2 protein chains.
Amino acid sequence: MEKENSFVIQGNIIYAPDRENFTCFKDGYLVVKQGKIAAAAQELPAEAEGLPLRDCRGALIVPGFADLHLHAPQYIQIGMGMDSQLLDWLADYTFKEEKKFADPDFAREIYPLLADELADCGTTSSAIFATIHQETTEILCEILAEKGLRAYVGKVNMDTNSDPGLTEETERSLKDTEEFILKWKDHPLVRPIITPRFVPSVTAEMMEGLGQLAAKYQLPVQSHLSENHGEIELVKKLFPEDKYYLSVYDRFGLLGKTPTLMAHCIHLNEEEMGMLAEREVYAVHCPASNLNLNSGLMPLQKMLAAGVKVALGSDIGGGHNLYMPQEIVRAIEVSKARSMSDPGEKPLRLSQAFYLATKGGGSFFGKTGSFEAGFAADFLVARVPSYQAGRSLPEQLANFIYHSYPQDILEVYVEGRPVKQAK
Amino acid sequence: MEKENSFVIQGNIIYAPDRENFTCFKDGYLVVKQGKIAAAAQELPAEAEGLPLRDCRGALIVPGFADLHLHAPQYIQIGMGMDSQLLDWLADYTFKEEKKFADPDFAREIYPLLADELADCGTTSSAIFATIHQETTEILCEILAEKGLRAYVGKVNMDTNSDPGLTEETERSLKDTEEFILKWKDHPLVRPIITPRFVPSVTAEMMEGLGQLAAKYQLPVQSHLSENHGEIELVKKLFPEDKYYLSVYDRFGLLGKTPTLMAHCIHLNEEEMGMLAEREVYAVHCPASNLNLNSGLMPLQKMLAAGVKVALGSDIGGGHNLYMPQEIVRAIEVSKARSMSDPGEKPLRLSQAFYLATKGGGSFFGKTGSFEAGFAADFLVARVPSYQAGRSLPEQLANFIYHSYPQDILEVYVEGRPVKQAK
């Protein structure tokens, strides 16, 4: 295995070491040693000695994408119910579909399709909501691990205000969650993440238990925050003693005590943004979902200015793009739509959006999403059309982001091991 | 040839005869006779007698898409310069690229890629801006005709305020245009359309000549209208005697004297909308371009309420989606983004957006974009994932529109002849 993931690959290397810049090596070299980046350079570096060379000259070599918010069971409902808003859509579509994942056979039919599409799309890292079902959540983990993808997977917890078929008994839910944690916490690629669905569907008792599990096993947390006005009102009604929606998570140790992802974060005031920044919580921006569910447009530039860490998420099935280049474009488009009515929102530039989908989100998994030495060798190789050969690499990247399909991604690697190969 | 385009095809047939409804036949029959729809029905109809049956049960059968605004030469610049707005983007990117199409060899290299992608994407009808160059505009027509696609193609006219390498001598431009018209006006699929670039880049003399050509040969017209505030100001300065931007076109017989397409139409008042409605001008909505160039969001519902005909356009390279399902989604998303700040703008529903991209836009080409008897047999066959087999056809369609790639379109037909076939 060491041989398999130690090699040199040559091509048009481009990555964003920070939000404002690209680093580019046209026909440069990327040296992979035991699944980690040893060097990226214009000339063949000393680190390459003795390693086999894979010639991909002319093709783009880019860090793999990080999708920090997606619902695995909603894969089967993408695009349906888009004439509704959040709470109706949950009741009319989502909860019906999620119940199907009580069935292991059904999970074994559907989840491989999701894993294959993630690999096809060059998404090397993802943070996934499964369902309440421990057994099929583990099936999802097995399928992702077998495919060789990097992921945090959450067994979802819900014990109130939910569809009867998706409402757990609190103690049992916590016990299932701990069992799941114990089985997966030491896997090299696929690991558990504490996943209360969102405040309206968990009791105080459940949140207290989940906060304790997060602390006991030092596990990350993911949930939803301030997506929709109706949802925010509901939280106020359910937890009137807490100042803000996020105060509820905070009270139970679910807001940055361990690394935390909060999806959406659309309707926050400055104080709330300050709390996210201080606790180093990642706000996961899901631009397609913002539009599809008519939830509002996250004030991305304000969040960045407040020092909040931001990542991108596809949020299928509220969103519909597993293909992250399209989600990068959506992030730029949403910032432009917002800028039309809010002069404080400067349009996001390509380098900024690309950073969010690579190193920005990738940092949640440790050193992933960049080609600096020591980072995981998670990357993709993409076709460059012949007429683009003479362009600069940022131009080739722009064309790839805006005008490509999964079929244009020829190879994908995680820890230097192929998860998609040229046919 | 008559045999080739007379057949019956069985599958999940769905189309939108109007903006509010779908007509569906699960495992129904579509009868094609000599390139036209003879019948669409649940049970095998009498019209099918003696015709070969193609079994596509389980797959979706949908009218082909109409893309009513795209710039062929900008195919090579998709995604680049998206950090700019219209006038800068034209100067910094577009005009540089368009000059390359003076070269017939270059056109022969690039235009087949565009034609192939249109067919791959199920775009059976399109209204295309070429460049000022007569020779390569004809090459584009030949390539589209050979591929079997339906299109209106315009040799672009520009004789002022343009890049020096793209500024024509007026009389010569009109002479070239007439030559081009005479060669292509009787082709069964690919026909000429009068194409002044936009008011800022044509003189009064040019517009007068083009208006006369449109009248003489009874040809349709396409141009741009009110995309960007800077552009509108420029028109006011250039033609101070005309009340509105569109009044300039109107004065020269270029606004609805013959069938007319006006791309964008973002910033119009009620009187202008009324003029478009009265003259039956098609407003071509290009939602991705609206966002990418930060031009503003077309008030689609207001336009429809005013009785304006609306079609969809990809507007590559201001837009980036040749794949029209993504442009259908963008139209819905843009209407939602607009609805967030403008209560008069109700979110577009899927049936409405789908209609715009099929029968709505298709009507510019005559009877295309629907499966009513007598319509052209322009349609596509798309893969339905196994887990969608039990869904209603509107749900299958929603999933296809939101979650598919060109590779999911298996076959495409124009006038009953295949332009894309399963591999």
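Look a little higher up for the structure.
Residues numbered from 1 in each chain as written. Chains lettered and ligands numbered in written order. Predicted model: local features only at pLDDT ≥ 70, side-chain atom pairs only at ≥ 80, totals over all residues. Heavy atoms only, no water.

A.B. asks: Help me understand the sheet that holds strand 5 (residues 65-71) of chain A, please; the structure alone is not making it clear to me.
C.D. replies: Strand pairs in the sheet, formed through backbone hydrogen bonds, run parallel or antiparallel to each other. All names here are of chain A. Pairing in this open sheet of four strands is parallel, and the strands run 5-6-7-9 from one edge to the other. In this open sheet, the two strands that pair with only one neighbour each are strand 5 and strand 9 (190-192). Each strand axis lies, on average, 15° off the axis of its neighbour in the sheet, ignoring direction. Looking at chain direction, strand 5 and strand 6 (residues 123-129) are connected through five bridges and run parallel. By the bridge assignment for strand 6, Ala66 is matched with Ser125. (Pairing = 2+ DSSP bridges. Helix = DSSP H or I, 4+ residues; strand = E, 2+ residues; numbered from the N terminus. Axes fitted to C-alpha atoms, helices over the stretch in contact; angles between N-to-C directions.)

A.B. asks: Looking at this structure, how should I read the pattern of salt bridges?
C.D. replies: Side-chain pairs of opposite charge can arise whenever the charged atoms involved come near each other. Residue and element names in this part refer to chain A. On inspection of all chains with the given rule, the structure shows 56 salt bridges over all chains. Lys100 is the partner of Glu97 in a salt bridge, and the nearest nitrogen-oxygen pair spans 2.9 Å. For Glu97, a relative accessible area of 5% translates into the label buried. Ionic pairing is found between Arg383 and Asp408, a salt bridge with its closest N-O pair at 3.0 Å. Of this pair, Arg383 sits in the loop between strand 15 (379-382) and helix 13 (393-402) while Asp408 sits in the loop between helix 13 and strand 16 (409-414), placing them 25 residues apart in sequence. Through salt bridges with shared partners, one network takes in Lys36, Arg150, Asp378 and Glu415. (Salt bridge = Lys/Arg side-chain N within 4 Å of Asp/Glu carboxyl O. Buried < 20%, exposed > 50% of the residue type's maximum accessible area, 1.4 Å probe, protein only.)

A.B. asks: What is the right way to read helix 6 (residues 229-238) of chain B from this model?
C.D. replies: Every α-helix winds through 3.6 residues per turn, so residues three or four apart in the chain are directed the same way. All names here are of chain B. Residues of helix 6 that are buried: Glu231, Ile232 and Val235. In an axial view of helix 6, the angular spread of the buried residues amounts to 100°, which keeps them on one side of the axis. Every exposed residue of helix 6 that faces more than 90 degrees away from the buried side is listed here: His229 and Lys237. Check the buried side of helix 6 and you find it contacts helix 1 (86-99), strand 11 (221-225) and helix 7 (245-251). (Arc of directions from axis to C-beta. Contact = heavy atoms within 4.5 Å.)

A.B. asks: Please clarify how the packing of aromatic side chains should be interpreted in this entry.
C.D. replies: The description of an aromatic ring pair uses the distance of the two centres, along with the angle that the planes make with each other. Residues and elements named next belong to chain A. Per the stated rule, a full pass over the model turns up 30 aromatic pairs over all chains. When the centroid spacing of 5.1 Å and the interplanar angle of 65° are considered together, the rings of Phe101 and Phe106 count as edge-to-face. Per residue, the accessibility class of Phe101 equals that of Phe106, and both read buried. Look at Tyr152 and Phe365: their rings are 5.3 Å apart centre to centre, the planes differ by 25°, and that puts the pair in the stacked class. With a gap of 213 residues between them, Tyr152 in strand 7 (residues 150-154) and Phe365 in the loop between helix 12 (350-362) and strand 15 connect regions that are remote in the sequence. Across the pair, Phe365 and Tyr152 agree in class, each one buried. Taken together, the aromatic side chains of Phe7, Tyr15, Phe371, Phe379 and Tyr413 make up a single cluster linked through ring pairs. (Phe/Tyr/Trp six-rings, centres within 6.5 Å; stacked < 30°, edge-to-face > 60°.)

A.B. asks: What is the right way to look at the sheet that holds strand 12 (residues 260-264) of chain A in this model?
C.D. replies: Residues and elements named next belong to chain A. One open sheet holds the four strands; their spatial order is 11-12-13-14, and the pairing between them is parallel. Across the chains shown, the open sheet's two edge strands, defined by having one partner strand only, are strand 11 (221-225) and strand 14 (309-312). The sheet shows a mean angle of 30° between the axes of neighbouring strands, direction not considered. For strand 13 (residues 282-285) and strand 14, the ladder comprises four bridges, and the chain directions are parallel. Considered in strand 14, the bridge of Val284 is made with Ala311. Its contacts with the sheet place helix 12 against strand 13 and strand 14, and it is angled at close to 100° to strand 14.

A.B. asks: In this structure, what is going on with the relation of the copies chain B and chain A? I would like to understand it.
C.D. replies: Here the second copy of the chain follows from the first by a rotation about an axis and a shift along it. At an RMSD of 0.0 Å, chain B and chain A line up after a rotation of 180° and a shift of 0.0 Å along the axis. What we have between these two chains is a two-fold relation. Most of the interface of chain B is mirrored in chain A: 100% of its interface residues are interface residues there too. (Least-squares fit on C-alpha atoms with pLDDT ≥ 70 in both.)

A.B. asks: Looking at this structure, how should I read the environment of Glu333 of chain A?
C.D. replies: Residue and element names in this part refer to chain A. With respect to the helices and strands, Glu333 occurs in helix 11 (residues 324-341). You can call Glu333 buried: its relative accessible area is 1%. Sequence separation between Glu333 and Thr131 is 202 residues; the distance between their C-alpha atoms is 31 Å.

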